[in-house]
Amino acid sequence: MKFLYLIVSFFFVAFGEPAWTSFLGFFAATLGWAFFWKFLSHCEKKFLVSFLFFAIVQGVQLSWLSSTTYQGYVILLVYALVIAILGVQFALFCLFIPTPKVSQSNI
């Protein structure tokens, strides 16, 4: 069930860009990120998961940058570098999200 949060979150956030589907922008901003934070709060490898999630989301949203028509193949290196830098930045931010404490009253 927890993995479903990640999958639904990915589709909302990646394709909820207002330039593509304007009605999904609201769901991306609310449900998409809420599902991701819910999944991440119970994840042990926060840095890796958040890096991959955001890098893939940015890969989808910045896909227009991968056109080699005018810039040549060097733009693919720039594209990968931008995606990696954004992924690391987001992953570092996610390390500050607290992990919920498990107590007897929560069970």
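Now for a quick tour of the structure.

## Structural notes on the overall build of the chain
A tally of regular secondary structure across the chain gives five helices and zero strands. The secondary structure elements of the chain, listed N-terminal to C-terminal, are α-α-α-α-α. Dimensions of the chain, computed from the C-alpha atoms along their principal axes, are close to 60 × 30 × 20 Å. Of all 107 residues assigned to the chain, the portion counted as buried reaches 33%. A total accessible area of about 7200 Å² is found for the chain, and carbon and sulfur atoms account for 74% of it.

## Side note on helix α5 (residues 74-94)
With 21 residues, α5 extends 31 Å between its outermost C-alpha atoms, agreeing within 8% with the 30 Å of an ideal straight helix rising 1.5 Å per residue. Taken together, the buried positions of α5 are occupied by Ile-75, Tyr-79, Ile-83, Gly-87, Phe-90, Ala-91 and Cys-94. Mapping the buried residues of α5 onto a view down its axis gives an arc of 140°, with all of them on the same face. For α5, exposure combined with an orientation more than 90 degrees from the buried face picks out Val-74, Leu-77, Leu-81, Ile-85 and Gln-89. Next to the buried residues of α5 lie α2 (24-41), α3 (46-61) and α4 (68-71).

## Remarks on α2
When the terminal C-alpha atoms of α2 are compared, their 24 Å separation across 18 residues agrees well with the 26 Å that a helix rising 1.5 Å per residue should span. Along its length, α2 reaches its greatest deviation from straightness, about 25°, at Leu-31. Listed in full, the buried residues belonging to α2 are Leu-24, Gly-25, Ala-28, Gly-32, Phe-36, Phe-39, Leu-40 and Ser-41. Looking at the buried positions of α2, the neighbouring elements they touch are α1 (2-15), α3 and α5.

Rules and cut-offs
Residues numbered from 1 in each chain as written. Predicted model: local features only at pLDDT ≥ 70, side-chain atom pairs only at ≥ 80, totals over all residues. Heavy atoms only, no water. Helix = DSSP H or I, 4+ residues; strand = E, 2+ residues; numbered from the N terminus. Buried < 20%, exposed > 50% of the residue type's maximum accessible area, 1.4 Å probe, protein only. Areas by Shrake-Rupley, 256 points an atom, 1.4 Å probe, with all protein chains shown as cover. Expected span 1.5 Å × (residues − 1). Arc of directions from axis to C-beta. Contact = heavy atoms within 4.5 Å. Bend = angle between axes of the 7 residues up to and from the residue.

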